[in-house]
Amino acid sequence: MSEADVLAIEAVTKRFTLGDGEIEALARIDLSVAPGQLVCLIGASGCGKSTLLRVIAGFEPPTTGRVSVRGMPITRPGRDRGMVFQDYALFPWMTARDNVAFGPRQRGLAKHEIDAIAGEYLRLVGLERFAARYPSQLSGGMKQRVAIARVLANDPDILLMDEPFGALDALTREQLQRELLQIWARTGVTILFVTHSVEEAALLGDRVLVMSAGPGQIDCDMTIDLPRPREVSSPEFNVVRRDLARRLKSHLAPARALESAEG
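All values derive from a computational prediction rather than experimental measurement.

Quick notes on the overall build of the chain
When helices and strands are counted, the chain shows seven helices and 10 strands. For the chain, whose C-alpha radius of gyration is 19 Å, the value lies close to the compact-globule estimate of 18 Å for 263 residues. The principal-axis extent of the C-alpha atoms belonging to the chain is close to 60 × 45 × 40 Å. When contacts within the chain are restricted to residue pairs at least 6 apart in sequence, long-range pairs at least 24 apart make up 68% of them.

Set out below in structure tokens:
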């Protein structure tokens, strides 16, 4: 682990108690992420991707090991880590502006600062004209933009994204992928992005981590050297996509064989 890393995960495991026994969700995880990287995590359902994100967020303590941001151990949630969920998690009684302003308001900033920050991040996600609308009046894509703006308004070191586009239709998903890359380029925020989609991981990531199931561990850390913007129909992109798919399937096969044997 380098002193320059924004995120360091050292010998982290996670076990949950279930009845009289335990489930090992994460085997030993060692990972370091440099500032400004966009890292995607892919793997089968139940491989521990979301659990790992929750440990980094401070929602779940690791059973063993240590997670630190800029050298400071994580013991609880903090505004240095912002989480974006698939289901948006917006406050339904607040307008888009008030949702984005929630974090700055909780930090006790002056009203003019809160207004400036909320306006800045609503403009960043292209929703300044919808600032007075409530979540129920917004489309799914708009809600996710508000959720991203709300997290960014806290000026986090790391943006944690748990399948944020998984519930959206294909066209909206493609649009938000492009917008996320633009936001990332403009802000320089470090992003950890969980997805089931090999194509999405290859499109977005500087690095793609392939996780194996039972218990979850990082079996492959692949650097994506393709220049941006990436064209999903290009031969170069499809070489990367096929390589990632092959690596993912090689981890799925033993798990499926084990399930068949146990069944």
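Notes on the packing of aromatic side chains
This model, assessed by the stated rule, comprises four aromatic pairs. Ring centres 6.4 Å apart and planes at 15° place the aromatic pair F59 and F85 in the stacked group. Taken as a pair, F59 in the loop between α1 (49–57) and β4 (64–69) and F85 in the loop between β6 (81–84) and α2 (96–106) lie far apart in primary sequence, 26 residues in all. Residue F85 is classed as partly exposed on the basis of its relative accessible area of 25%.

With respect to the sheet that holds β4
Pairing is antiparallel in the open sheet, where four strands are placed in the order β2-β1-β4-β5. On the outer flanks of this sheet lie β2 (21–33) and β5 (72–73), each paired with one strand and no other. Sheet topology places β4 next to β5; two bridges connect them, and they run antiparallel. Opposite V69, over in β5, you have M72 as the bridge partner. Across the face of the sheet, α1 comes into contact with β1 (7–18), β2 and β4 while running at roughly 115° to β1.

With respect to the sheet that holds strand β7 (residues 158–162)
With mixed pairing, six strands are arranged side by side in an open sheet as β6-β7-β8-β3-β9-β10. The sheet is open, and its two borders are formed by β6 and β10 (217–223), each paired with just one other strand. This sheet shows a mean twist of 20° between the axes of neighbouring strands, independent of strand direction. Pairing geometry for β7 and strand β8 (residues 190–194), over five bridges, is parallel. Opposite L160, over in β8, you have L192 as the bridge partner. Helix-sheet contacts for helix α4 (residues 140–152) involve β6 and β7, and the interaxial angle to β6 is about 170°. Running over the sheet, helix α5 (residues 170–187) touches β3 (38–42), β7 and β8 and is turned about 155° from β8.

Here's the deal with the pairing of β6
Going residue by residue along β6, you find R81 and M83 tucked away on one face and G82 and V84 tucked away on the opposite face as well. By the bridge criterion, four bridges tie β6 to β7 in an arrangement that is parallel. Considered in β7, the bridge of M83 is made with L160.

Examining the environment of L244
Topologically, L244 is positioned in helix α7 (residues 235–262). Taking the relative accessible area as the measure of exposure, L244 reaches 0% and is therefore buried. Sequence separation between L244 and C220 is 24 residues; the distance between their C-alpha atoms is 9.3 Å.

Considering unusual backbone geometry
Of note, the bond from R228 into P229 is cis; its omega dihedral lies within 30 degrees of zero at -5°. With respect to the helices, strands and loops of the structure, P229 is situated in the loop between β10 and α7. Although it is not a glycine, Y88 sits at a positive phi angle of roughly 75°. Mapped onto the secondary structure, Y88 falls in the loop between β6 and α2. Even without glycine at this site, E163 takes up a positive phi of about 45°. Mapped onto the elements, E163 comes out in the loop between β7 and α5.

Thoughts on the side chain of K49
Within the secondary structure layout, K49 lies in helix α1. The buried charged residue K49 lacks any salt bridge partner; its closest oppositely charged side chain belongs to E163, at an N-O distance of 5.1 Å. Side-chain polar atoms of K49 contact the backbone oxygen of G43, separated by 2.9 Å. What K49 contacts, discounting residues up to four positions off in sequence, is L41, I42, G43, A44, V194, T195, H196 and M211.

Cut-offs applied
- Residues numbered from 1 in each chain as written.
- Predicted model: local features only at pLDDT ≥ 70, side-chain atom pairs only at ≥ 80, totals over all residues.
- Heavy atoms only, no water.
- Helix = DSSP H or I, 4+ residues; strand = E, 2+ residues; numbered from the N terminus.
- Rg over C-alpha atoms; globule rule 2.2 N^0.38 Å.
- Contact = heavy atoms within 4.5 Å.
- Phe/Tyr/Trp six-rings, centres within 6.5 Å; stacked < 30°, edge-to-face > 60°.
- Buried < 20%, exposed > 50% of the residue type's maximum accessible area, 1.4 Å probe, protein only.
- Pairing = 2+ DSSP bridges.
- Axes fitted to C-alpha atoms, helices over the stretch in contact; angles between N-to-C directions.
- Lys, Arg positive; Asp, Glu negative; His and termini not counted.
- Salt bridge = Lys/Arg side-chain N within 4 Å of Asp/Glu carboxyl O.
- Polar contact = N/O pair within 3.5 Å; in protein donor to acceptor, adjacent residues only side chain to side chain.

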